[in-house]
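If you want the building blocks of each chain, they are given just below.
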Amino acid sequence: MKKYLCIVPFLLTGCGGHNKNDPTIITSSSSSSSSSSSSSSSSSSSSSIANTTYSLEKINTLALGEVYFTELWHYSPELMIGSGYATFYTENRAEKIEDGVLVVPQYTHFSKRRANTGSSFPYEESYTTGYYEIATRNLISYDITLWQSNIPRSTVRCVSASPYHFPLAVKVGESDSTPAFNCNNNLTLDQGSWRAEDAGNGNLNFIVTSKTFDYSNNKTDETRTYTLDPQGNIIWFKINQLESHVF
């Protein structure tokens, strides 16, 4: 899996991180004293993470010229046709005026397909450019073109129903809603949300759930999870069942 400098657009893109550490906590006890010690350690760890502030700078960054590329995988040993993989590329492009506002265009290409289903199975791609107002960091609109097996649909523009951007930092337990989007394909994408959860080992899961649409104009749910270490590095990335680690 390739990982480079990380940027992540609001609602539309995502990113990987700097290593493949499994955030799962594994504990064991062989006596009542070790159990007590483990309980005390767990309590101390829970208290520590509750008071930790996690920077979202690597998610919010609008630094010009930053590029991120990663591979995502999903493997189901019980149902091989459920397996799949994807590539994800995003970059911040040169600032420009869009609808009278100075913005950073954030370009994303997301391609996904199922594995072991033959070349005839359709694969899906999306090409998205989100326009982030430099002064406020708000995502004001985005253009998206969906492809299926090299057949494109028309480009759709979606405009935010209200000003909003992610906070600069979060703590475990915090949450908020995100704006709806009005699109010129006659779809209104309902409000989304984000929440911050304990990921174990001192890490935090920043989980973003939003509405999008597929090649057939059907509304779909999308959940993106960014696992942050205490320094704010993104060490894990997941889009629905696709994850940025190798099984």
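In the block above lies the structure referred to throughout.
As the structure is a prediction and not an experimental result, all values here were calculated from the model.

Trainee: Whenever I open this one, the pairing of strand β3 (residues 84–92) confuses me. Can you help?
Mentor: Sheet faces and side chains relate simply in a regular strand, where the side chains alternate between the two faces. Pairing geometry for strand β2 (residues 67–74) and β3, over eight bridges, is antiparallel. By the bridge assignment, Thr 70 is partnered in β3 with Phe 88. Here β3 runs beside strand β5 (residues 101–114); their pairing, made up of nine bridges, is antiparallel. Counted as the bridge partner of Thr 87 is Ser 111 from β5.

Trainee: Explanation requested: the packing of aromatic side chains in the structure shown.
Mentor: Two aromatic rings, taken as a pair, are described by how far apart their centres are and by the angle between their planes. Here the structure, examined in full by the defined rule, presents 10 aromatic pairs. An aromatic cluster of three or more residues is present, and its members are Phe 88, Phe 110, Phe 166, Trp 194, Phe 206, Tyr 226 and Phe 237. Its end group placed over the ring of Tyr 107, Arg 93 keeps NZ or CZ at 4.1 Å from the ring centre. Across the ring face of Tyr 215, the terminal group of Arg 153 is positioned such that the distance to the ring centre comes to 5.6 Å.

Trainee: Would you take a moment to explain the state of the cysteines for this structure?
Mentor: Between two cysteines, a covalent bond joining their sulfur atoms is known as a disulfide. Under the counting rule described, the total for this entry stands at one disulfide. Between the sulfur atoms of Cys 158 and its disulfide mate Cys 183 the distance is 2.1 Å. Classification of the bridge connecting Cys 158 and Cys 183 rests on its S-S torsion, roughly 105 degrees, and on that basis the disulfide is right-handed. Linking Cys 158 in strand β9 (residues 156–160) with Cys 183 in strand β12 (residues 181–183), this pair joins segments that are 25 residues apart in sequence. Overall, the relative accessible area of 10% leaves Cys 183 in the buried class.

Trainee: Is there a simple way to explain unusual backbone geometry in this structure?
Mentor: A negative phi holds for most residues other than glycine; trans holds for most peptide bonds. With a phi angle near 70 degrees, Arg 137 is a residue other than glycine that sits in the positive phi range. Among the structural elements, Arg 137 can be located in the loop between β6 (124–133) and β7 (139–148). For Arg 137, a relative accessible area of 27% puts it in the partly exposed group. Backbone geometry at Asn 150 places phi at a positive 70 degrees, although glycine is not the residue there. Assignment of secondary structure puts Asn 150 in the loop between β7 and β8 (151–152). Classification of Asn 150 by relative accessible area gives exposed; the value is 52%.

Definitions and limits used
- Residues numbered from 1 in each chain as written.
- Predicted model: local features only at pLDDT ≥ 70, side-chain atom pairs only at ≥ 80, totals over all residues.
- Heavy atoms only, no water.
- Pairing = 2+ DSSP bridges.
- Helix = DSSP H or I, 4+ residues; strand = E, 2+ residues; numbered from the N terminus.
- Phe/Tyr/Trp six-rings, centres within 6.5 Å; stacked < 30°, edge-to-face > 60°.
- Lys NZ or Arg CZ within 6 Å of the ring centre and 35° of its normal.
- Disulfide = S-S within 2.5 Å.
- Buried < 20%, exposed > 50% of the residue type's maximum accessible area, 1.4 Å probe, protein only.

All we've got here are geometric facts, nothing functional implied.
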